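Descriptive analysis of the structure
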Amino acid sequence: MPKSSKSFWPEPPVRQRVTGEIPVPTLINWLSIGAQPLLLFFAYRAAGRDDTLVPSILLTCAALLLLNALVYMMLRHETLQRRTFIVLITGLFIYLAISAVEDGSAIIWLFAYPPIIFYISTLRVGVLACAFGIVTLIGLFSPAGDYLVETPYSDSFRLVMITVLAFEMISCYILDLSRRRSQARLLTLAREYEYAAKHDAMTGLSNRREGLARLETEYERYLRNRKPFSVILMDIDVFKGVNDNYGHQAGDQLIVMVANKLKDGCRRVDMVSRWGGEEFLAVLPETQVSEAVTMANRIRQTIAAQTLAFEGLPIRTSISAGVATIHGAESTNHLLQRADEALYTAKATGRNRVCSGEVPEQDSA
Ligand SMILES: Nc1nc2c(ncn2[C@@H]2O[C@H](COP(=O)(O)OP(=O)(O)OP(=O)(O)O)[C@@H](O)[C@H]2O)c(=O)[nH]1
């Protein structure tokens, strides 16, 4: 679980969305468009009562909401759209309360404010906006508020309005906190599952599927830029003997040690994957065969010089490797087949050596 989800404000470091959730800009645009008929209706009704101020304010608000949606569609500036919307609806709701639109009944729309504000903004902004709203309302309904603005609300209505609105705000806060926590947890789980699907649990290297995917990506790149890449297929020598003599636990530790040496021996742009039990594949972008053979030999020598201490017993090992570099329009399958044949040659000619699939008889040990 990420640290942030345990804090009071569990915002993910980068705003992330779970698939299926309505995007905030889309919701704001829907609300802005949906508010149009309502505002026009209230403006029309107020105009029918020979009121000129209320219709002009409501129509201005409707126009600004629409303008905000249009500006977003042109600029795609999410923060600008969200902040403008928050300012507009906060102003609108305060105006609905103060001016007692529709004989004061329009104040009921205030209940729409908390869920919207919590959904479209951060938890912090939601809490601050709601606190600001409730304090403003309490001020408006106090004797001092009566002195400033004349409203038709009865004492019991004011009491119920403030109590129910505060209740709604707290409920929205709790629900939103829970939504954000579960969202953060889901995203963490998704990342963990994605990692597990692509990596080998024992060595931490990419697994065979990921190795193949990388091979295909490299192949696509090669088809575009024609810069050849190489592969090295490596296998631990007489590994069965290690299992038989020292046990599977020792074998596992040896695989991890070799995997670490492979990771260290490759460049950042290369990718090493666990291809099978004690077999590994390295994909080396933009690498000619001579460079790949040099790299494979360097790794081979490092591993040969290494000793694994298992329960006080020193275990030494070596690897054999087959190198192949992509040519012309050959397929990745054919490339792997050449690397495999080169590996077979390395095994057949004594192990602890690197052979190149380009010139099968070449022995660079
Ligand atoms: N401990 C351990 N053993 C494994 C693992 N995966 C495969 N093996 C064992 O690795 C051994 C591979 O043996 P072989 O394919 O005969 O190859 P080798 O003994 O290395 O001989 P050469 O490849 O010819 O040098 C098998 O006994 C497998 O059971 C693993 O994850 N852990």
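Note that the structure is predicted; figures quoted are calculated from it, not measured.

What follows is about the site of the ligand. Taken together, 15 residues surround the ligand, and among them Phe 239, Lys 240, His 248, Gly 251 and Gly 277 come closest. Only strand E1 (230-236), helix H9 (239-246) and helix H10 (248-265) provide two or more residues apiece to the shell around the ligand. For the shell around the ligand, the leading source of residues is H10, giving 4 residues. A breakdown of the residues in the shell around the ligand according to their chemical character gives 4 nonpolar, 4 polar and 7 charged.

This part takes up helix H5 (residues 123-141). Look at H5: 27 Å from first C-alpha to last across 19 residues, which is about the 27 Å you get at 1.5 Å a residue. Taken together, the buried positions of H5 are Gly 126, Val 127, Ala 129, Cys 130, Gly 133, Leu 137 and Leu 140. End-on, the buried residues of H5 take up no more than an arc of 170 degrees, which puts them together on one face. Exposed residues pointing more than 90 degrees away from the buried face of H5 are listed as Arg 124, Ala 131, Phe 132, Val 135 and Gly 139. Packing partners of the buried residues in H5 comprise helix H3 (78-98), helix H4 (113-120), helix H6 (143-148) and helix H7 (155-198).

Pairing is mixed across the open sheet formed by 5 strands, whose spatial order is E2-E3-E1-E6-E7. Because the sheet does not close on itself, it has two edges, and the strands there are strand E2 (271-274) and strand E7 (354-356). Strand-to-strand twist in this sheet, taken as the mean axis angle between neighbours without regard to direction, amounts to 20 degrees. The pairing of E1 with strand E3 (residues 279-284) spans 6 bridges and is antiparallel. The residue bridging Val 231 from the neighbouring strand is Val 283, located in E3. Packing of H10 onto the sheet brings it into contact with E1, E2, E3 and strand E6 (319-325), and relative to E2 it is tilted by some 165 degrees.

What follows concerns H7. Between its terminal C-alpha atoms H7 stretches 64 Å, which fits the 64 Å expected from 44 residues at 1.5 Å a residue. Taken as a whole, H7 has its buried residues at Leu 165, Met 169, Cys 172, Asp 176 and Ala 184.

Each regular strand carries side chains that alternate between the two faces of the sheet. With 7 of 7 residues buried, E6 is to be regarded as a mostly interior element. Relative to E7, E6 is paired through 3 bridges, and the arrangement is parallel. Within the sheet, the bridge partner assigned to Val 323 lies in E7 and is Ser 356. Between the parallel elements E6 and E7, the chain passes through helix H12 (residues 332-348) in a crossover that is left-handed.

Sites flagged by UniProt as "transmembrane region" (unreviewed entry) map to residues 53-73, 85-113, 125-144 and 156-175. Secondary structure within residues 53-73 divides into 100% helix and 0% strand; the distance between the first and last C-alpha atoms comes to 30 Å. The span residues 156-175 is 100% helix and 0% strand, and its two end C-alpha atoms sit 28 Å from each other.

If you look at the biggest cluster of nonpolar residues, it comprises 39 residues, and the most contacted ones within it are Val 231, Ile 232, Leu 233, Ala 282, Ala 296, Ala 321 and Val 323. Of all the secondary structure elements, the ones that give two or more residues to this core are E1, H10, E2, E3, helix H11 (289-304), E6, H12 and E7. The element best represented in this core is H11, accounting for 6 residues. Grouped together as the second largest cluster of nonpolar side chains are 32 residues, Phe 42, Ala 43, Leu 65 and Val 127 included.

Turning our attention to the environment of Arg 185. For Arg 185, the location among the structural elements is in helix H7. Under the C-beta neighbour-count criterion, Arg 185 is labelled partly exposed, with 14 such atoms within 10 Å. Considering only alpha carbons, one finds Arg 185 and Thr 217, 32 residues apart in sequence, at a separation of 31 Å.

Here the focus is the packing of helix H1 (residues 24-48) against H3. With their axes 10 Å apart at the nearest point, H1 and H3 run at an angle of 40 degrees to one another. With respect to each other, H1 and H3 are oriented oblique. When the axes of H1 and H3 are compared, the crossing they make is left-handed. The residues of H3 that touch H1, namely those facing Val 24, Pro 25, Ile 28 and Ser 32, are Glu 78, Gln 81, Arg 82 and Phe 85. Looking at the contact of H1 with H3 residue by residue, the classes come out as 4 nonpolar, 2 polar and 2 charged.

To continue, consider unusual backbone geometry. At Arg 226, a position not held by glycine, the phi torsion is positive, near 60 degrees. If you trace the backbone, Arg 226 turns up in the loop between helix H8 (208-225) and E1. Look at Arg 226 and you get exposed, because 9 C-beta atoms sit within 10 Å. Phi is positive for Arg 351, close to 65 degrees, though the residue is something other than glycine. What makes Arg 351 partly exposed here is the crowd of 15 C-beta atoms within 10 Å.

Rules and cut-offs
- Residues numbered from 1 in each chain as written.
- Predicted model: local features only at pLDDT ≥ 70, side-chain atom pairs only at ≥ 80, totals over all residues.
- Near = placed C-beta within 6 Å.
- Helix = DSSP H or I, 4+ residues; strand = E, 2+ residues; numbered from the N terminus.
- Nonpolar A, V, L, I, M, F, W, Y, C, P; charged D, E, K, R; others polar.
- Expected span 1.5 Å × (residues − 1).
- Buried ≥ 20, exposed ≤ 12 C-beta atoms within 10 Å, placed from the backbone.
- Arc of directions from axis to C-beta.
- Contact = placed C-beta atoms within 7 Å.
- Pairing = 2+ DSSP bridges.
- Axes fitted to C-alpha atoms, helices over the stretch in contact; angles between N-to-C directions.
- Right-handed = clockwise from strand over helix to strand, strands pointing away.
- UniProt positions renumbered as here; feature names shortened; annotations may be inferred.
- Core = buried A, V, L, I, M, F, W, Y, C linked by C-beta atoms within 7 Å.
- Parallel < 35°, antiparallel > 145°, perpendicular 65-115°, else oblique.
- Left-handed = near helix turned anticlockwise from the far one by under 90°.

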